[in-house]
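Here are the chains, one letter per residue:
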Amino acid sequence: MKLRKPVLCLLFVTVVSPIVLYTDRLCSFSSSSTRDEFNPDFPTFTVGGDSRQLNLLPQETAAAQKEPVGIVYTDSVSKISSLTGVGEDSRKMRQLRQKLRSVELKSRELSENVVDQSDTENHIRQIADLVHEEKDGSILQKPEKGTDEDWTDFEKSTKRIISKQAIKEEQETGQKPAENHTKEIVTQKVRTRKNDDQMSMPNAQVRYLKDQLVRAKVYLSLAATRNNAHFVRELRQRMKEVQRALGDATKDSELPRNAYEKLKAMDQTLARGKHIQDDCAAMVKKLRAILHSTEEQLRVHRKQTMFLTQLTAKTLPKGLHCLPLRLSTEYYAVNYPRQHFVNHEKLDDPRLFHYALFSDNILAAAVVVNSTVFHAKDPSCHVFHIVTDRLNYAAMRMWFLANPPSNATIQVQNIEEFTWLNSSYSPVLKQLGSPSMLDYYFKTHRATPDSNLKFRNPKYLSILNHLRFYLPEIFPKLSKILFLDDDIVVQKDLSGLWSIDLKGNVNGAVETCGESFHRFDRYLNFSNPLISKNFDPHACGWAYGMNIFDLKEWKRQNITEVYHTWQKLNSDRQLWKLGTLPPGLITFWKRTYPLDRSWHVLGLGYNPNVNQKDIELAAVIHFNGNMKPWLEIGLPKYRNYWTKYIDYEQVYLRECNINP
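Residues numbered from 1 in each chain as written. Predicted model: local features only at pLDDT ≥ 70, side-chain atom pairs only at ≥ 80, totals over all residues. Heavy atoms only, no water.

**Details of the overall build of the chain**
Right, so step 1: Counting its regular elements, the chain contains 24 helices and twelve strands.
Right, so step 2: Taken over 660 residues, the chain has a buried fraction of 39%. (Helix = DSSP H or I, 4+ residues; strand = E, 2+ residues; numbered from the N terminus. Buried < 20%, exposed > 50% of the residue type's maximum accessible area, 1.4 Å probe, protein only.)

Given below as structure tokens:
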């Protein structure tokens, strides 16, 4: 019994005690693990019952949350090592400790990288959010492609918001924050965007080089910089370099490779000049003088350009002078039977579509006829009455005899055959032959200078220009006729004009009120009582060039006598200057029916910006102005509308060297 008690005590100490001690340690380890369990809702925390977000970590949705990084703590290693007991193999314990330590180090490094990345992304996100928010919560919009002032305001606002955020962090942490690289990134992006916008300007480098030359000339003319011999010598050298680099270039792509180096060198020299010349008032005064001188030179050049344009419009190209001579020679060389046109019976048939064309330009008349016939639904129903002067009569007939326009009927008349048209009947014919009118054209050094040079054009001396006021006398058997100028091109069938009801009016025309200068006060002298009492200065004008005339109404209302009355009143040219539109506006006052604008589009002889869609939809396009398509000064973008109706392989055109 005595031996039994010690054995039981020893058994208790060696067996039961370790079991009790082991069970106690397991409980403590399990409870500790339960307390340190991962909280899946770690991005939020509660202060005073309010749930708030953690700003230093990137926020994720519950569905997108990733598994947390596992970290093995050192005290766990010590606890496990204490459980191994004294009798375990020391080598295995060392290997286990090394593995646990390596896992711990890797876990810590991974955790630090994740935190650093999250912190950086969070700071960038905060700055991006702050850039778009003002103090009152409004949005700060980035200019898309605005001016430099817009981008300057945007950059200043960005810097101001960043500085406010830095002050806020300093107040919260009590430490001055380090240099924020995010600020530099945002500023750099703003500057890069500004530079991109500046470089996207067309030919910016060429413009800048020209501006540098202007600034250099200003510095050379100022007293302070002119007295500095070294600076003047250097500046002149830079100017020569820039001028050589610039040359005749009009685009950046035409500049040499060293142009940018010359630009930078000139900038440095001009910067030194700015330090030498600090008198801003002198600089402003000199720039104003240069501006005034440039404006005066521009005025002189514009006047010269207008004069030369008018002179060119008066002249006849060599080929167009050769053509009537060649055709006239051919006409008188053919047999008499071949000198006559066919279909004479159609000339007075009122059921057909009749056109009146008064011109001395053979090629222009050919384009009008060819384009009209080309788009006509039934060319055999169209009759063209062409009236020309004595010099071009034979040539005009020969052209259409050699180039008959399909099945259409052609009549060519000589104005000399109208014996009824004389100075005793027509006041305008009497005025055109008066000494004062001849002196106005051929002795301009004695005449009073006229501000509008276009009235010097000799075409106003031609009675062909005034035949449009004698249509009933020329075509007494017709009821309706379409008048066409020789500088138009037809693009659609015009037979629909004869079915338009003019509602008792004599003239059907397209109004031109869309442009302010096409109103009555542009053409008539409203300072004269006769004009101011009878007409409205703001009344809408209309266009000659394509006009449908009701000859029955013309005769009934005695329109020709109205025209004669006003022409007699304007014998001294005090009511209007020369031309046919002013007397036409007066003669057909309240007798004009407005046609749809698509019938007649004007401006192709002076306006390079006519709407392309309007041109394509127009029935008739009009090259009114000085830039006629048969002249070298014609607008190239519109010339093809005219040239496509001419066969330049025609023998007479080749002989006279007439090319498109």
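Picking up where we left off.
**Some remarks on the pairing of strand β3 (residues 353-358)**
Right, so step 1: Of all six residues that make up β3, five are buried, and the element is covered over most of its length.
Right, so step 2: Judged from the six bridges that link them, β3 and strand β4 (residues 382-388) form a sheet pairing that is parallel. Note that in β4 the partner of Tyr355 across the bridge is Phe384.
Right, so step 3: Between the parallel elements β3 and β4, the chain passes through helix α12 (residues 362-375) in a crossover that is right-handed.
Right, so step 4: Examined bridge by bridge, β3 and strand β6 (residues 480-484) share three bridges and lie parallel to one another. (Pairing = 2+ DSSP bridges. Right-handed = clockwise from strand over helix to strand, strands pointing away.)

**Remarks on the sheet that holds strand β5 (residues 409-414)**
In a beta sheet, neighbouring strands are held together by backbone hydrogen bonds and run either parallel or antiparallel to one another.
Right, so step 1: Pairing is mixed in the open sheet, where seven strands are placed in the order β5-β4-β3-β6-β9-β8-β10. Each edge of the open sheet is held by one strand with a lone partner, namely β5 and β10 (592-594). On average, each strand axis in the sheet is inclined to that of its neighbour by 25°, with strand direction left out of account.
Right, so step 2: Sheet topology note: the strand β8 (residues 507-509)/β10 ladder contains three bridges and is parallel. Residue pairing for β10: Ala509 is matched across the bridge by Pro594.
Right, so step 3: On top of the sheet, helix α13 (residues 393-402) reaches β4 and β5; it is set at about 170° to β5, its chief contact. (Axes fitted to C-alpha atoms, helices over the stretch in contact; angles between N-to-C directions. Contact = heavy atoms within 4.5 Å.)

**Concerning the packing of helix α6 (residues 204-221) against helix α8 (residues 229-246)**
Packed helices, taken two at a time, are described by the angle their axes make and the gap between the axes.
Right, so step 1: It is at 10 Å that the axes of α6 and α8 come closest, and there the two elements cross at 155°. What the angle tells us is that α6 and α8 run roughly antiparallel. For α6 against α8, the interelement crossing comes out left-handed. Contacts from Val206, Leu209, Lys210, Gln212, Leu213, Ala216, Lys217, Tyr219 and Leu220 of α6 reach α8 at Phe231, Val232, Leu235, Arg236, Met239, Val242, Gln243 and Leu246.
Right, so step 2: For the contact of α6 with α8, the class distribution of residues is twelve nonpolar, two polar and three charged. (Parallel < 35°, antiparallel > 145°, perpendicular 65-115°, else oblique. Left-handed = near helix turned anticlockwise from the far one by under 90°. Nonpolar A, V, L, I, M, F, W, Y, C, P; charged D, E, K, R; others polar.)

**Quick look at the side chain of His354**
Right, so step 1: Residue position: His354 is located in strand β3.
Right, so step 2: Within the structure, His354 has its side chain in polar contact with the backbone oxygen of Asp349 (distance 2.4 Å).
Right, so step 3: Discounting residues that sit within four places of it in the chain, His354 has contacts with Lys346, Leu347, Asp348, Asp349, Val383, His385, Leu478, Lys480, Ile481, Leu482 and Trp498. (Polar contact = N/O pair within 3.5 Å; in protein donor to acceptor, adjacent residues only side chain to side chain.)

**What to know about the confidence of the model for the chain**
Caution applies to low-pLDDT regions: their predicted coordinates should not be interpreted in detail.
Right, so step 1: With 67% of its residues at a pLDDT of 70 or more, the chain shows a mean pLDDT of 77.
Right, so step 2: The low-confidence segment residues 28-58 (pLDDT under 50) makes 30 contacts with residues lying over four places distant or belonging to another chain.
Right, so step 3: Within the model, the stretch residues 60-65 combines pLDDT values under 50 with three contacts to residues more than four positions away or in other chains. (pLDDT = per-residue confidence, 0-100.)

**Examining the state of the cysteines**
Right, so step 1: This structure, assessed with the given rule, holds two disulfides.
Right, so step 2: Here Cys322 connects covalently by a disulfide to Cys656, the sulfurs 2.2 Å from one another. Between Cys322 and Cys656, the disulfide has an S-S torsion of -70° and is therefore left-handed. Placement of the pair is Cys322 in helix α11 (residues 318-333) and Cys656 in the segment after α24 (651-655), with a sequence separation of 334 residues.
Right, so step 3: Given the relative accessible area of 26%, Cys322 is considered partly exposed.
Right, so step 4: Covalently, Cys513 is tied to Cys540 through a disulfide, its sulfur atoms 1.3 Å apart. One quick way to see it: the torsion about the S-S bond of Cys513 and Cys540 is about -125°, and its sign makes the bridge left-handed. Pair noted here: Cys513 is in the loop between β8 and α17 (520-523) and Cys540 is in the loop between α18 (529-534) and β9 (546-550), with a separation of 27 residues, a long-range link. (Disulfide = S-S within 2.5 Å.)

**Topic: the pattern of salt bridges**
Right, so step 1: Tallying each qualifying case throughout the model produces eleven salt bridges.
Right, so step 2: Of the charged contacts in the structure, one is a salt bridge between Glu241 and Lys262, with a shortest N-O distance of 4.0 Å. Placement of Glu241 in helix α8 and of Lys262 in helix α9 (residues 259-276) is noted, with a sequence separation of 21 residues between them.
Right, so step 3: On the basis of relative accessibility, which here comes to 23%, the residue Lys262 falls in the partly exposed class.
Right, so step 4: Glu553 is the salt-bridge partner of Arg556, the closest N and O atoms lying 2.8 Å from each other. Taken together, the residues span about one helical turn, with Arg556 and Glu553 both in helix α19 (residues 551-557) at a distance of three residues.
Right, so step 5: The class for Glu553 is buried, based on a relative accessible area of 16%.
Right, so step 6: Connected through shared salt-bridge partners, Arg238, Glu241 and Lys262 make up one network. (Salt bridge = Lys/Arg side-chain N within 4 Å of Asp/Glu carboxyl O.)

**Considerations on a nonpolar patch on the surface**
Right, so step 1: Judged by side-chain polarity, Leu8, Leu11, Val15 and Ile19 come together as a nonpolar surface patch covering roughly 360 Å² of accessible area.
Right, so step 2: Looking at where Leu11 falls in the secondary structure, it is placed in helix α1 (residues 4-35).
Right, so step 3: Residue classification places Leu11 among the partly exposed positions, given a relative accessible area of 45%. (Patch = residues over 30% accessible without salt bridge, like charges linked within 9 Å, V, L, I, M, F, W, Y side chains within 5 Å. Areas by Shrake-Rupley, 256 points an atom, 1.4 Å probe, with all protein chains shown as cover.)

**A word on helix α10 (residues 280-314)**
Note: α-helices contain 3.6 residues per turn, so residues at a spacing of three or four share the same orientation.
Right, so step 1: For α10, with 35 residues, the first-to-last C-alpha span of 51 Å sits near the 51 Å given by 1.5 Å per residue.
Right, so step 2: Along α10, the positions that sit buried rather than exposed are Met283, Gln310 and Ala313.
Right, so step 3: In this structure, the buried residues of α10 make contact with α6. (Expected span 1.5 Å × (residues − 1).)

**Details of the packing of aromatic side chains**
Right, so step 1: Taken as a whole, this structure holds 25 aromatic pairs when the rule is applied.
Right, so step 2: When the centroid spacing of 6.0 Å and the interplanar angle of 70° are considered together, the rings of Phe374 and Tyr645 count as edge-to-face. Of this pair, Phe374 sits in helix α12 while Tyr645 is found in the loop between α23 (636-643) and α24, placing the two residues 271 residues apart along the sequence.
Right, so step 3: For Phe374, a relative accessible area of 61% gives the class exposed.
Right, so step 4: With centroids separated by 3.9 Å and ring planes inclined at 5°, the aromatic side chains of Phe469 and Tyr563 adopt a geometry described as stacked. (Phe/Tyr/Trp six-rings, centres within 6.5 Å; stacked < 30°, edge-to-face > 60°.)

**Overview of α23**
Right, so step 1: Among the residues of α23, Tyr638, Tyr641, Trp642 and Thr643 are the ones counted as buried.
Right, so step 2: Among the structural elements, α12, β7 (488-490), α22 (612-617) and β12 (620-622) are those in contact with the buried residues of α23.

**Observations regarding unusual backbone geometry**
Right, so step 1: Phi at Lys590 takes a positive value of approximately 60°, unusual for a residue other than glycine.
Right, so step 2: The topology assignment puts Lys590 in the loop between α21 (581-587) and β10.
Right, so step 3: Residue Lys590 is classed as exposed on the basis of its relative accessible area, which comes to 70%.
Right, so step 4: Backbone geometry at Asn657 places phi at a positive 55°, although glycine is not the residue there.
Right, so step 5: Within the secondary structure, Asn657 sits in the segment after α24.
Right, so step 6: Overall, the relative accessible area of 60% leaves Asn657 in the exposed class.

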